[in-house]
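# Chains, contacts and geometry: an overview
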Amino acid sequence: MAHTIKPAARVASQRKDVWSIVNEAAAASEKPVINLGQGFFGYNPPEFVVNAAKEAVERVECNQYSPTQGRLRLRQALSDAYSPFFGRTLNPADEIVITTGANEGMLSAFMGFIEPGDEVIVMEPYFDQYISNIEMAGGKVVYVSLHPPEKGDTETCPASEWTLDLKALEDKITKKTRMIVINTPHNPIGKVFSKEELQGIGDLCVKNNIIILSDEVYDRLYYTPFTRIATLSPEIQDLTITVGSAGKNFYCTGWRVGWLIGKPHLIKYAGAAHTRICFSSVSPLQEAVAIGLEQADKEGFWEQSKKDMKAKMERFNQVWDELGLPYTEPDGGYFVLVNLSKVKIPEGMVFPESVSGRARDFQLCLFLIKELGVAAIPPTEFYTPEHEKEAENYLRFAVCKNDDILDAAKERLRGLKKYM
């Protein structure tokens with residue numbers, strides 16, 4: 001009789017998600033697959049962070065509940081690390097809350113401020129978890145597009161050429177608009193929003209009293225000037241919740257330690273939702289992240305991390321230059337979007353039912369896995385059906401892997417030449 005039990009609508013979707021499709025295809029492949037799809041790191045956190053975690057699990061107080069707002073040492077370390085960026089002293093008592101990863105932090109923000117029927121504006125392509133988190137809170141997602149470069153099918157273009165039409169954004173605002181989500185550096189594009197773009201968005205939010213959820217989890221990986229929207233004016237700051245991630249900062253996505261930063265009237269309610277979602281987050285790993293933040297500057301870690309990731313990006317993208325395949329040159333993060341419109345999928349290639357009716361990039365993805373043994377992510381997963389045509393020739397690759405893995409992937413990808 002269990003099959004007659006009806007699930008809640010918020011979790012009842014039957015469409016198979018992209019992660020399941022890619023992982024199942026990789027598992028079924030006759031050759032071992034190099035996974036450049038999901039953005040998990042192929043190497044450990046820096047030694048000083050790993051050692052901090054080892055030491056923390058030996059301490060009694062680090063193995064018990066942390067305060068629901070997060071360990072004070074971590075909140076203080078975040079205040080010390082981020083106050084210079086914000087141009088003011090962040091109060092660890094009421095302007096920072098530690099969450100179980102950035103994703104839970106965003107869910108807490110939505111749960112803290114979104115009522116059923118409220119509208120949340122999201123830019124597509126988007127991180128897919130935004131949508132389910134908003135809908136879980138009862139919100140309605142309203143989409144506005146980041147448009148790809150006009151020459152993206154034929155020329156390599158900087159990520160800055162993916163553009164937002166501010167007038168189109170303004171037209172999406174209604175009396176029900178409660179929040180807008182910004183992601184900079186952007187996943188999957190690698191776009192770092194300019195100060196002027198952020199000012200335009202911020203001014204609209206001030207005018208209409210809209211909360212800004214600024215997803216800045218790649219904030220330590222930028223290769224062009226990076227602006228935090230909360231720093232643009234006191235009025236914008238009063239509306240902004242900034243999201244951060246230890247997983248992205250210290251190469252430990254499995255630790256699930258994130259944070260929210262904002263004025264007390266925002267953190268109070270996002271923190272209240274966090275308390276009800278999971279009460280508190282993992283104690284020893286909070287302690288390790290705190291120590292990591294305390295030591296990172298002394299270790300020269302931030303600049304080295306940025307330098308290393310930029311080098312990986314350049315190393316990997318050499319293969320696209322060799323093949324004459326255009327890509328979006330990222331301004332930040334560790335993803336690269338490659339345009340494969342020149343690649344011809346063999347006629348008669350059979351695809352699973354889960355890909356039926358999906359855009360061309362899903363076929364490209366499975367073709368790459370089957371023929372070359374390289375996994376990437378089809379970015380139309382991050383679009384509404386109405387706009388997925390803009391990205392159907394792209395695939396997203398993650399370069400946060402060891403250099404030998406990137407080199408092995410490049411060697412396999414050279415096999416695309418016979419399909420062009």
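Data block above holds the structure.
A brief structural summary.

### As for the layout of surface pockets
Roughly 740 Å³ of volume is contained in the largest pocket. Lining the largest pocket are 29 residues; nearest its centre among them are Ser13, Asp128, Ile131, Ser132 and Glu381. For the lining of the largest pocket, the element with the highest residue contribution is helix α5 (residues 129-136), accounting for six residues. Its residues assigned to classes, the lining of the largest pocket shows 13 nonpolar, seven polar and nine charged. In this structure, the second largest pocket encloses a volume near 560 Å³. Lining the second largest pocket are 27 residues, with Gly39, Phe127, Tyr218, Lys248 and Arg256 sitting closest to its centre. Going through the elements one at a time, α4 (101-113), α5 and α9 (246-249) are the ones with two or more residues in the lining of the second largest pocket.

### A short note on the pairing of strand β7 (residues 177-183)
Among the seven residues that make up β7, six are buried, leaving the element largely enclosed by the rest of the structure. One ladder, built from four bridges, connects strand β3 (residues 119-124) with β7; its direction is parallel. Paired with Val122 across the two strands is Val181, which belongs to β7. The pairing of β7 with strand β8 (residues 211-215) spans five bridges and is classified as parallel. In the strand pairing of β8, Val181 is matched with Leu213. Where the polypeptide runs from β7 across helix α7 (residues 195-208) and back to β8, its parallel neighbour, the crossover connection is right-handed.

### Notes on the pattern of salt bridges
Counted under the stated rule, the structure contains 21 salt bridges. Its salt-bridge partner being Glu197, residue Lys191 comes within 3.0 Å of it at the nearest N-O pair.

### Details of helix α10 (residues 264-278)
A turn of α-helix holds 3.6 residues, and therefore any two residues three or four places apart point the same way. A rise of 1.5 Å per residue sets the reference length of α10, with its 15 residues, at 21 Å; its end C-alpha atoms lie 21 Å apart and thus fit the reference within 8%. Those residues of α10 not exposed but buried are Leu266, Ile267, Ala270, Gly271, Ala273 and His274. Angular distribution of buried residues about the axis of α10 spans 160 degrees; they occupy a single face of the element. What points out from α10, more than 90 degrees from its buried face, is the exposed set Lys268 and Arg276. On its buried side, α10 packs onto β2 (96-99), α4, β9 (240-245) and β10 (258-261). Among the residues trailing α10, Phe279 stands out with phi positive, at a value near 70 degrees.

### Quick word on the sheet that holds strand β5 (residues 157-158)
Strand order across the open sheet formed by four strands is β5-β11-β12-β14, with mixed pairing between neighbours. A strand with exactly one partner marks an edge of an open sheet, and here the two such strands are β5 and β14 (394-398).

How each quantity is defined
Residues numbered from 1 in each chain as written. Predicted model: local features only at pLDDT ≥ 70, side-chain atom pairs only at ≥ 80, totals over all residues. Heavy atoms only, no water. 1 Å grid on protein atoms, 1.4 Å probe; cavity = no way out; pocket = protein on both sides within 12 Å on 5 of 7 lines; lining within 4 Å. Points joined across faces, edges and corners; volume = space filled by probe spheres on them. Helix = DSSP H or I, 4+ residues; strand = E, 2+ residues; numbered from the N terminus. Nonpolar A, V, L, I, M, F, W, Y, C, P; charged D, E, K, R; others polar. Buried < 20%, exposed > 50% of the residue type's maximum accessible area, 1.4 Å probe, protein only. Pairing = 2+ DSSP bridges. Right-handed = clockwise from strand over helix to strand, strands pointing away. Salt bridge = Lys/Arg side-chain N within 4 Å of Asp/Glu carboxyl O. Expected span 1.5 Å × (residues − 1). Arc of directions from axis to C-beta. Contact = heavy atoms within 4.5 Å.

Spatial relationships are all this shows, so hold off on functional conclusions.
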